[in-house]
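Fold and contact review
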Amino acid sequence: MQTPSGHLVEPALGARLVVLASGGGSNLAALLAAHEDPAYGARVVGVVSDKPGAGALDLARQAGIPSVVVAPSDFADRDAWNDGVREAVEVFRPDWVVLAGFMRILAPSFLDRFRGRVVNTHPALLPSFPGAHGVRDALAYGVRVTGCTVHVVDDGVDTGPIIAQTAVPVLDDDDEGTLHERIKVAERALLVETVGRAAREGLRVEGRQAVVGA
Ligand code: GAR
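What you see is a predicted model, and the numbers here were worked out from it, not measured in a lab.

**Here we look at the packing of helix α1 (residues 26–34) against helix α6 (residues 176–201)**
Put simply, α1 and α6 touch, their axes get as near as 9 Å, and they point 45° apart. By the criterion of interaxial angle, the relationship of α1 to α6 is oblique. Where α1 crosses over α6, the handedness of that crossing is right-handed. Residues S26, N27, A30, L31 and A34 of α1 lie in contact with α6, whose contacting residues are K184, E187, R188, L191, V192 and V195. Split into classes, the residues belonging to the contact of α1 with α6 amount to six nonpolar, two polar and three charged.

**Examining the pattern of salt bridges**
Side-chain pairs of opposite charge can arise where the charged atoms are in close proximity. On inspection of all chains with the given rule, the structure shows twelve salt bridges. One salt bridge connects D50 with R104, and the closest N-O pair in it is separated by 2.7 Å. Placement of D50 in the loop between β4 (42–49) and α2 (55–63) and of R104 in the loop between β6 (96–99) and α4 (108–113) is noted, with a sequence separation of 54 residues between them. Ionic pairing is found between D174 and R182, a salt bridge with its closest N-O pair at 2.7 Å. For D174, a relative accessible area of 11% gives the class buried.

**What about the side chain of R16?**
Its place among the elements puts R16 in strand β3 (residues 15–20). Buried charge without a partner: R16 forms no salt bridge, and the closest opposite charge is D95, 5.5 Å away. Engagement of the side chain of R16 in a polar contact is seen with the backbone oxygen of R93, the distance being 3.1 Å. The contact partners of R16, leaving out residues within four places of it in the chain, are R43, V45, F92, R93, P94, D95 and W96.

**Some thoughts on the pairing of β4**
Most of β4 is tucked away, with seven of its eight residues classed as buried. Bridge analysis of β3 against β4 gives six bridges, and the strand direction is parallel. Note on β4: the bridge partner recorded for A15 is A42. In this view, the connection linking β3 to its parallel neighbour β4 by way of α1 has right-handed handedness. Relative to strand β5 (residues 67–69), β4 runs parallel, the two sharing three bridges. The partner of S49 across the bridge, within β5, is V69. A crossover connection joins β4 to the parallel β5 through α2; in handedness this β-α-β unit is right-handed.

**Observations regarding the side chain of H151**
Tracing the backbone through its elements, the reader meets H151 in strand β8 (residues 145–152). Note on H151: relative accessible area 2%, which makes it buried. Each residue touching H151, except ones within four places of it in the same chain, is listed here: V118, V119, N120, L126, D158, T159, G160, P161, I162 and I163.

**So, the nonpolar core**
One finds L31, V44, W96, V98, I163, V195 and L203 to be the most contacted residues of the largest nonpolar core, which totals 47 residues. The leading source of residues in this core is α6, at nine residues. Once you skip the residues sitting within four places of it in the chain, V44 turns out to touch L17, V19, L28, L31, L32, H35 and I65. Grouped together as the second largest cluster of nonpolar side chains are 19 residues, F92, V97, F102 and L111 included.

**A few points about the sheet that holds β5**
Strand order across the open sheet formed by seven strands is β5-β4-β3-β6-β7-β8-β9, with mixed pairing between neighbours. On the outer flanks of this sheet lie β5 and β9 (162–169), each paired with one strand and no other. Shown here is a sheet whose adjacent strand axes are inclined to one another by a mean of 20°, direction ignored. Two elements, β3 and β6, share four bridges in a ladder whose sense is parallel. Looking at the pairing, L17 lines up with W96 of β6. In the packing of α2 onto the sheet, contacts are made with β4 and β5, and the angle to β5 comes to roughly 155°.

Thresholds applied
Residues numbered from 1 in each chain as written. Predicted model: local features only at pLDDT ≥ 70, side-chain atom pairs only at ≥ 80, totals over all residues. Heavy atoms only, no water. Axes fitted to C-alpha atoms, helices over the stretch in contact; angles between N-to-C directions. Helix = DSSP H or I, 4+ residues; strand = E, 2+ residues; numbered from the N terminus. Parallel < 35°, antiparallel > 145°, perpendicular 65-115°, else oblique. Left-handed = near helix turned anticlockwise from the far one by under 90°. Contact = heavy atoms within 4.5 Å. Nonpolar A, V, L, I, M, F, W, Y, C, P; charged D, E, K, R; others polar. Salt bridge = Lys/Arg side-chain N within 4 Å of Asp/Glu carboxyl O. Buried < 20%, exposed > 50% of the residue type's maximum accessible area, 1.4 Å probe, protein only. Lys, Arg positive; Asp, Glu negative; His and termini not counted. Polar contact = N/O pair within 3.5 Å; in protein donor to acceptor, adjacent residues only side chain to side chain. Pairing = 2+ DSSP bridges. Right-handed = clockwise from strand over helix to strand, strands pointing away. Core = buried A, V, L, I, M, F, W, Y, C linked by side-chain atoms within 4.5 Å.

Quick look at the structure:
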């Protein structure tokens, strides 16, 4: 349903999640653990990666979840790759598309297809430190608190309406690796909780406000 300044995603019983991941897939693993419980209200039905060697693909295979690789090198250009990702995701008929460590930008044509139902997890407290190096950039800036953000994806880079955030303190002896590991612990819990609630209760977006529980 569209309203002039926003949209509403209705609750979906047994919501179908398609997870896009480029990396090791610890966030995917957390979603796969959560979906074992029928009360979670959502289940991962497909995994799509841009990287043939992504650990996330191994996790999908081990869990018996279908997975697809859509590698940019197999396409003539960015638009064709974007269409390939859209088609791969469409096959799974998702209620929600979850970007869990997916390190590429999706074009507006992808987002238009799944408008308002694409969420991303980012390892910083947006709007600070968007982009591919959120942890490194926060550390370099010298912030004492950073964290993670789950947000609705819009046409910008990490600019969409924020659904939920968790703060994580920066320790004096942190390096990028230690800080990212602590952020990931918070991030997994936040992603599982936020996606589950959005699936079970719906999500209303009005301007910059994204509220679970339509
Ligand atoms: C996560 O920390 C996620 O927030 C980050 O990649 C990591 C993936 O971890 N994503 C970004 O930085 C996107 N800009 P995982 O592969 O173990 O889930």
